[in-house]
Structure formats: structure tokens, C-alpha cells
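The lines below spell out each chain.
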Number of protein chains: 2
Amino acid sequence: MSYSIGIAPNIRKSPYFDATVEDGVRAFSVYNHMYIPAHFGDLAAEYDRLVNGVVMWDVAAQRQVEIRGPDAEALVTYLCARDISRTRVGQGRYVPICNHEGLLINDPVLLKLSARQFWLSIADSDIELWAQAIAAERGYDVEICEPDVSPLAVQGPRAEAVISALFGDWIGDLGYFGFRETSLDDIPLVLARSGWSKQGGFELYLRDGNRGGELWRRVREAGRPHDIGPGAPNDVERIESGLLSWGSDCRLQVDPANPFELGLDAFVDLEVEQDFVGKQALQRIHAIGPARRRVGFFIDGETVAGNSAAIEVLLDEQRVGSLHEIAHSPRLGRNIGVGLVDITVEDDERRLWAVVDGRSRALEIHALPFIR
Amino acid sequence: MSYSIGIAPNIRKSPYFDATVEDGVRAFSVYNHMYIPAHFGDLAAEYDRLVNGVVMWDVAAQRQVEIRGPDAEALVTYLCARDISRTRVGQGRYVPICNHEGLLINDPVLLKLSARQFWLSIADSDIELWAQAIAAERGYDVEICEPDVSPLAVQGPRAEAVISALFGDWIGDLGYFGFRETSLDDIPLVLARSGWSKQGGFELYLRDGNRGGELWRRVREAGRPHDIGPGAPNDVERIESGLLSWGSDCRLQVDPANPFELGLDAFVDLEVEQDFVGKQALQRIHAIGPARRRVGFFIDGETVAGNSAAIEVLLDEQRVGSLHEIAHSPRLGRNIGVGLVDITVEDDERRLWAVVDGRSRALEIHALPFIR
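Here the structure is a predicted model, which means the values were calculated and not measured. (Residues numbered from 1 in each chain as written. Chains lettered and ligands numbered in written order. Predicted model: local features only at pLDDT ≥ 70, side-chain atom pairs only at ≥ 80, totals over all residues. Heavy atoms only, no water.)

Colleague: Please clarify how the overall build of chain A should be interpreted in this entry.
Modeller: The number of helices and strands found in chain A is eight helices and 22 strands. In terms of overall size, chain A behaves like a compact globule, its C-alpha atoms giving a radius of gyration of 21 Å where 372 residues would be expected to give roughly 21 Å. Referenced to the eigenvectors of the C-alpha coordinate spread, the extents of chain A come out at roughly 60 × 50 × 40 Å. Excluding contacts between residues fewer than 6 apart, the proportion of contacts in chain A whose partners are at least 24 apart in sequence is 66%. When the accessible surface of chain A is totalled, it reaches about 14300 Å², and 45% of it is carbon and sulfur. Taking the average location of the 38 positive side-chain charges in chain A and that of its 56 negative ones, the two points are 3 Å from each other. (Helix = DSSP H or I, 4+ residues; strand = E, 2+ residues; numbered from the N terminus. Rg over C-alpha atoms; globule rule 2.2 N^0.38 Å. Contact = heavy atoms within 4.5 Å. Areas by Shrake-Rupley, 256 points an atom, 1.4 Å probe, with all protein chains shown as cover. Lys, Arg positive; Asp, Glu negative; His and termini not counted. Charge placed at Lys NZ, Arg CZ, Asp CG, Glu CD.)

And the structure:
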């Protein structure tokens, strides 16, 4: 089934929109009320560039929520389930954000630009509203907005060569999630070693929405010797690598989950003195233990194309979990998936199955990630 | 330009999804993180049915935020810029919701199901997060969720005939925005006289997501004698009728606006005793007077197809506003649009222009609505 999507004024266009059209974008999705390229017509080539070469993605829809002012650090501390007190300027942190019941409502990367200025680089939910409501009701002295900042991701083993050709050798000094405020000639941006893949790479947080086309073309030009091509956040690689996709793996309104179910224990700090949203609920959940856990699955049978909605995981005739997203892994030569199962289901359970593409198929649990 | 949209698990499918596919949906958009039909391939027929006959729309993406519990009314009162104290059970109210700075963050219809249970039937922003944050921080004793409720709209001058055939003559007693909890055989739903058009009609708030296909087919069957057909919320008619489209006409992150700029004065009650979010800011804005106002425009020249983003409104060479959405009105035989202009611009200003479809065109202000 193929449907079209209209480009209408109620959904925002990325600053790279025209450039991606020029480069042959074929499908869009919508993320944070903004169009985001879904693919450019050759999924195999996009995957291959990501794991063997270098690919560029318009991820402007990964919007920033900026928190600025005297109480910025206090508010960010209160919003995040992770202790950010030792975060340095220029250091990004993956920070689960929960509601007061301990359910994950977003999983942004936090960028500390200064002691009084932070960005939350968000997944697909309105954290600007969340942060504004909490700041105003608690009387924090902060300003919260969505600034004119639009990431462009360059991902893959050859990303470093492309980025160093553009910015110089100093980029080698950036640690994982490290970033620096800089510019490309006079295009203002923040350069970070980050991105939604495990293939290595960078994100260029463009700070002037009028210069998207220019930045896109500069990156494409610098990437030409490395056969760079356009692509989009890749669901096959993210399942192989075990990355969380908030929105697919959980969503507050669909299949709400807490960070312990999702295996994010390392990013939740319950022993801190300060209060944060959801702390009490998370302490309670942690004491009892989570009811489900996030796992990978091998899926038997012929090659799957993907799924359009979550699929029930069954043990004999009983529902014991859900497969949130499935894909065929070219590197493993197998069908894989990611989902949540009841905590009582053992790793070596041999009676798991699901209906995929109209057929009953055996499932086998595999620890995440599939590929390290 | 035509692009495709993939149906992926990170965006929800409506309970009517399969039925709309069966009925030939051709394009989708995304609203409240859910696929929503954009059209079925014949826009002229959809418009004609809406203004002369009857059309059915999958508007499940108009999600409900349910607020339930002992403090439900207190929280709703605090969230809404409109005084809801005299709202009766069974009565819907159009309620602007602002942030603490007085900027409109959503414009839902409020449904009072009981003294302790309310629905906010929302436009495209995460009001569930907003309401949860405020309720928890203020210590209100409420539960807030997005229930399994999915509206199906039946709109047009013949809608009443279709709905009375399904539910009986009592529906004639429903006043505008009136609703009743009922069922169709055993399909549970709330029936309301409402909908996002000025052509009259009803919304069936389905309360069991497993029965979407069934409800869709029942409505289609009852509508057959009236030549009902599938369609989608119609931007041409809404501009003609002056209805607000939150997301197009304003959006917090793109072109934030306060309710006075948007002409929603009648729905903001500043004289109440109780506090509500944004009250102080709105009092301040009201005292000074809004900086802009919402108006309609006639647009000169050949027929326009529509726009993909807001367009600058110019007076000689100076930017004095923006055209948020444009369309060709079949009933008026003219190009029309809706937008905001600086308060200093007079109704009879003759030097307004904009670049539409690559050409400079004269604009003429027209009071909203174009058609009553």
C-alpha cells in the first residue's frame, strides 16, 4: 500500500526541505509537527552507506527545547531522571524524562551550552509544553522556547573523514556526545559527535534556518569523495543496535513504559538528594521490579518487510508481550524485532510466536543489541 | 510534487484506518501522532458533499484528554481561559487553552460528561502532557489519560437525515455542541452535534477502538440514500467559514498568537474571580490591545492550488503580516486566504500584496467569515 502525503501549512518544513527535494526525497513522515524525510527511494543503498560508508540525514525534526536563565540548571535537574550535576559545558547526556507516575514521556539528549543555557534535543512529544508548565507552576526564573536550531546528521564509519574535511582535525578531540559551538565559514552551528545510530558520526545543529540549503550542499560536497548520499534515520540499524525509538517502542498514549522496563536503568539516578519528576514513582517501581522487559527477537520464516503497528507476542495462546518494530537485518541475514515481554518470560522460552505478514512464526528472544 | 508516506509503528493508526483504506483513501497527514486521511482522490466531490450533501470524516486524530476525579472541575477551570462554571453535563464548549504567557497552545472542545469527568477534544498539541504537569505540580486529585475514544464526523446539510436514521428522532433535540452518551446497537459512543465545519453535522465519539470498521460501515450504509462519501476536514470550507485551524493559523513554535489576536475574545473571560493559566498575561495584553488581528483576504489573479507554508503579507516593501493558508473558493469563485496583520493595517488598505505561486498578487482584506 502506498499513500501520498500533502505538504500543508499546518506541519512545518525543515530548513533542509528544498535541498532534500532537490536530492530526490521520495517519502516523508511527520515528527514533532515537522516533515522529516523517510527515504530517498533506495533503502538498501541508505543502509549500506550507514554501515559501510557515510550518509546524511535531515533530522531538523529532532527539535530543541531551550531552557535559559538563572534557574535553568535547577529546572533541568528537576525534569531529568538522570543526575546531571556533574555535566560539563560541551558535554551531551542522554536523559530519560518521566511524568509524575514514572512513565517515560521523552528521551532527549541534553546539551549544556553554559551554566544558564541548556537544550533538550527531543523525541516526538511536546516537551516544550511540559517544561513550560512545570517551570511556571514552580516559579522557576527561566525562559523556555524552541530556538531556530535544526540538526543535520552525518553518520557512518566515514563520517569523521567528511566532518574533519569541513571543520579541521580538532574534531578528533570531541568525545562521544561532546559538542562545540562553532561555524562553517559564517554558518553558525553546534557540532556534536552524536546521532541516532551506532555507526559513529556527527550532528550539525544549524543555528540559522535560512541557511539549510547551503549547509546541506556543503556537507554533500565534502562527502563526495566518500560517496555520501542522502538517507533518513534507519530503523533496521537501530533495531540491530538496540537503540530506543520513543514513539515506536513506547508512547505515553499507546504503550506507556517506565525506564526500567526499557532497560534504561543506567540513566536513572534514584540515590540523589534532590527531587525530580517521577522520583517517588520510580523508587516504588524499582523496589517492586519492573513488570516487563525490553528484548530483541529473531523472527522465523521468510523475509519480513516491516510492520505498521505493534504485534502481539503469544506464549501458546496467552498474550505475553508485544513486538513494536520488525525488520530484516542484511548483516545477520535474519528477521529481527524489538519489543516488551512480561518479566516471567525466560530468555530460552521456545513457545513464543506471533502473526507476522499473515503467518504464525516462531520467536526467539535475543539480548539487545543484536550487533555491537 | 507528490511524496509518499510510510505507515510505520511510530505513528498511530485510527480505528477507522482499514475502513478508509477500503474506501479508497489516497493521502494521509499526521495529527496528534496519528494518521488522518487527507483526501480520497476527488477534492471537488468532497467539497460538494460537505456544502450540498453529506460527507463522513475519520477524525480519530482529534484525541480526547480525559480529566476525571474529585478535582476534575477545578483543574479544567484552571486550564481554560473561558469560564466553564455554568457548563451543564451534556454541553460542549469551545475553550481556548493558553500558556502562562497568554499564548494559545490549543483550542479544544470541552465535553462535560459528569461533574467529575471531562474530555478535552484537542487540536494538534500534547495537552495530555500539559494537563498532567499542571495537575501534579498543583496537587489536584485527578486522573488524566487519553481514553479509547475516536470521533467520526458526519458533516453537511444532509447529516441530520443520516444521523436520525441511525439514532432516531431524539437527535433533533440536541442543541449546537450538545451531546449524549448512547450506543448504536451495542457500539458505545457519545453523539454530539458538532464538527469542524459550518455546514452542520455530528460527531460520533466511538468508545471502543475495536469497532471502528463496523461503525464506519453503519454510517456509510445509512448515508447511502443521501449519496454520502468519505472525505476529510476541509480547508477550503474552513477558510470560507472563518474557522480557526490551530497548527496552520498559529502554533506555539512557529507563529505564536494570543486569543485576542485570533479574534477569540468571546471565549476568554477575564472578569472571573478564579485564577486560570495565563490570566494575568491576558489581562495585560487586553489592556494594551493586541498587536495583530486575524483577517480574511481576497487574493488577486489566477486560481491558486494552496500553499505549503505561511506567506509574507507586504505593504509596499514592508512586512505587515502573514497569510497562513490560501485556497480557491468554488462558491465565491475567488482565491481566499486567512492570516494575521499588524493592527495598524486598515481594512480598506489597497497596497497589500504577497508572492503566491511565484507571482506578486494584490490582497484585499475581507472580514471573516467569507460565507455565513
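Having seen the model, we can carry on.
Colleague: Quick question: what am I supposed to make of the relation of the copies chain B and chain A here?
Modeller: Overlay of chain B on chain A (RMSD 0.0 Å): rotation 180°, translation along the axis 0.0 Å. Here the symmetry operator amounts to a two-fold rotation axis. Judged by C-alpha distance, Ser4 of chain B is the residue of chain B that lies nearest the rotation axis, at 2.0 Å. (Least-squares fit on C-alpha atoms with pLDDT ≥ 70 in both.)

Colleague: Would you mind showing me how to read the side chain of Ser241 of chain B here?
Modeller: All names here are of chain B. Position of Ser241 among the secondary structure elements: in helix H7 (residues 235–241). A residue is classified by how much of its surface remains accessible, and Ser241, at 8% relative accessible area, is buried. Sequence-distant contacts of Ser241, defined by excluding residues within four places in its chain, comprise Lys198, Gln199, Pro369 and Ile371. (Buried < 20%, exposed > 50% of the residue type's maximum accessible area, 1.4 Å probe, protein only.)

Colleague: Would you take a moment to explain the sheet that holds strand S12 (residues 150–155) of chain B for this structure?
Modeller: Strands pair in a sheet through their backbones, by hydrogen bonds, and they do so in one of two ways: parallel or antiparallel. Residues and elements named next belong to chain B. One open sheet accounts for six strands, arranged S13-S14-S15-S12-S4-S16; its pairing is mixed. What marks the edges here is a single partner per strand, and that holds for strand S13 (179–184) and strand S16 (229–231). Within this sheet the neighbouring strands show an average axis-to-axis angle of 30°, counted without direction. In this sheet, strand S15 (residues 201–206) lies alongside S12 in antiparallel orientation, the contact comprising six bridges. Residue pairing for S15: Ser150 is matched across the bridge by Leu206. The strands touched by helix H2 (residues 43–52) within the sheet are strand S4 (55–58), S12 and S16, with S4 carrying the most contacts at an inclination of about 115°. Its contacts with the sheet put helix H5 (residues 159–167) on S12, S13, strand S14 (187–192) and S15, and the angle it makes with S15 is roughly 45°. (Pairing = 2+ DSSP bridges. Axes fitted to C-alpha atoms, helices over the stretch in contact; angles between N-to-C directions.)

Colleague: Looking at this structure, I do not really get the side chain of Gln64 of chain B. What am I missing?
Modeller: Residues and elements named next belong to chain B. Relative to the helices and strands, Gln64 is located in strand S5 (residues 64–68). The exposure class assigned to Gln64 is buried, which follows from its relative accessible area of 0%. Reaching out from Gln64, the side chain makes a polar contact with the backbone oxygen of Gln62 at a distance of 2.7 Å. A polar contact of 3.0 Å, which involves the side chain of Gln64, links it to the side chain of Ser121. Among all residues touching Gln64, those that are not within four sequence positions of it are Trp119, Leu120, Ser121, Cys145, Glu146, Pro147, Val149, Pro151 and Tyr205. (Polar contact = N/O pair within 3.5 Å; in protein donor to acceptor, adjacent residues only side chain to side chain.)

Colleague: Hey, could you run me through the packing of aromatic side chains in this one?
Modeller: Note on aromatic pairs: each is described by the distance of the centres and the angle between the planes. Under the definition given, this model contains 20 aromatic pairs over all chains. The interplanar angle of 85° and the centroid separation of 6.5 Å between the aromatic rings of Tyr3 of chain A and Phe17 of chain B together place this pair among those described as edge-to-face. Here Tyr3 of chain A, found in strand S1 (residues 3–5), pairs with Phe17 of chain B, found in helix H1 (residues 17–22), and the two come from separate chains. Overall, the relative accessible area of 5% leaves Tyr3 of chain A in the buried class. Residue Phe17 of chain B is classed as buried on the basis of its relative accessible area, which comes to 3%. Ring plane angle 85° and centroid distance 6.5 Å describe the contact between Phe167 of chain B and Trp170 of chain B, whose orientation is recorded as edge-to-face. The structure contains a cluster of three or more aromatic residues connected by ring pairs, namely Tyr3 of chain A together with Phe17, Phe28 and Tyr35 of chain B. (Phe/Tyr/Trp six-rings, centres within 6.5 Å; stacked < 30°, edge-to-face > 60°.)

Colleague: Would you mind showing me how to read the interface of chain B and chain A here?
Modeller: A common measure of how large an interface is: the accessible area buried when the components associate. The interface of chain B with chain A comprises 52 residues on the first partner and 53 residues on the second. When the two sides are added together, the surface that chain B and chain A hide from each other amounts to roughly 4700 Å², 57% of it contributed by carbon and sulfur. Of all residues in chain B, Tyr3, Pro9 and Glu137 of chain B bury the most surface against chain A, accounting for 16% of the area lost on that side. Summed over the shared surface of chain B and chain A, the number is two salt bridges. (Buried area = accessible area lost by both parts, 1.4 Å probe. Salt bridge = Lys/Arg side-chain N within 4 Å of Asp/Glu carboxyl O.)

Colleague: What exactly am I supposed to notice about the environment of Glu214 of chain B here?
Modeller: All names here are of chain B. With respect to the element layout, Glu214 can be found in helix H6 (residues 212–223). Accessibility expressed as a relative area gives 35% for Glu214, which makes it partly exposed. It is 44 Å that separates the C-alpha atoms of Glu214 and Lys279, two residues lying 65 residues apart in sequence. At a separation of 2.7 Å, a polar atom in the side chain of Glu214 contacts the side chain of Arg211.

Colleague: Even after reading the chapter, I still don't get the state of the cysteines, so can you show me in this structure?
Modeller: What we call a disulfide is simply a covalent bond connecting the sulfur atoms of a pair of cysteines. Under the definition given, this model contains zero disulfides over all chains. There is no disulfide at Cys250 of chain A, and the cysteine sulfur nearest it, in Cys98 of chain A, is 9.5 Å away. Assessed through its relative accessible area of 1%, Cys250 of chain A is described here as buried. Of all cysteine sulfurs, the one in Cys80 of chain B lies closest to Cys145 of chain B, which takes part in no disulfide; the gap is 17 Å. For Cys145 of chain B, a relative accessible area of 26% corresponds to the partly exposed category. (Disulfide = S-S within 2.5 Å.)

Colleague: Sorry if this is basic, but what is going on with the sheet that holds strand S14 (residues 187–192) of chain A here?
Modeller: All names here are of chain A. Ordered in space as S13-S14-S15-S12-S4-S16, the six strands form an open sheet in which the pairing is mixed. Strand pairing shows two members of the sheet lacking a second neighbour, strand S13 (179–184) and strand S16 (229–231), which therefore form its edges. Pairs of neighbouring strands in the sheet enclose a mean axial angle of 30°, with direction left out of account. One ladder, built from four bridges, connects strand S4 (residues 55–58) with strand S12 (residues 150–155); its direction is antiparallel. Paired with Met56 across the bridge in S12 is Val154. This element, helix H5 (residues 159–167), spans S12, S13, S14 and strand S15 (201–206) of the sheet and lies at about 45° to S15. Contacts from helix H6 (residues 212–223) reach S4, S12, S13, S14, S15 and S16, with the element oriented near 170° to S4.

Colleague: What is the right way to look at the pattern of salt bridges in this model?
Modeller: Side chains carrying opposite charge are able to pair once their charged atoms draw close together. All names here are of chain A. The full count for this structure, using the stated rule, is 58 salt bridges over all chains. A salt bridge links Arg68 to Glu143, with the nearest nitrogen and oxygen atoms 3.6 Å apart. With Arg68 in strand S5 (residues 64–68) and Glu143 in strand S11 (residues 143–145), this pair connects stretches of sequence that are 75 residues apart. Judged by its relative accessible area of 35%, Arg68 is partly exposed. Notably, a salt bridge pairs Arg211 with Glu214, separated by 2.7 Å at the nearest N-O pair. Among the charged side chains, a salt-bridge network with shared partners connects Arg238, Asp249, Arg294 and Glu325.

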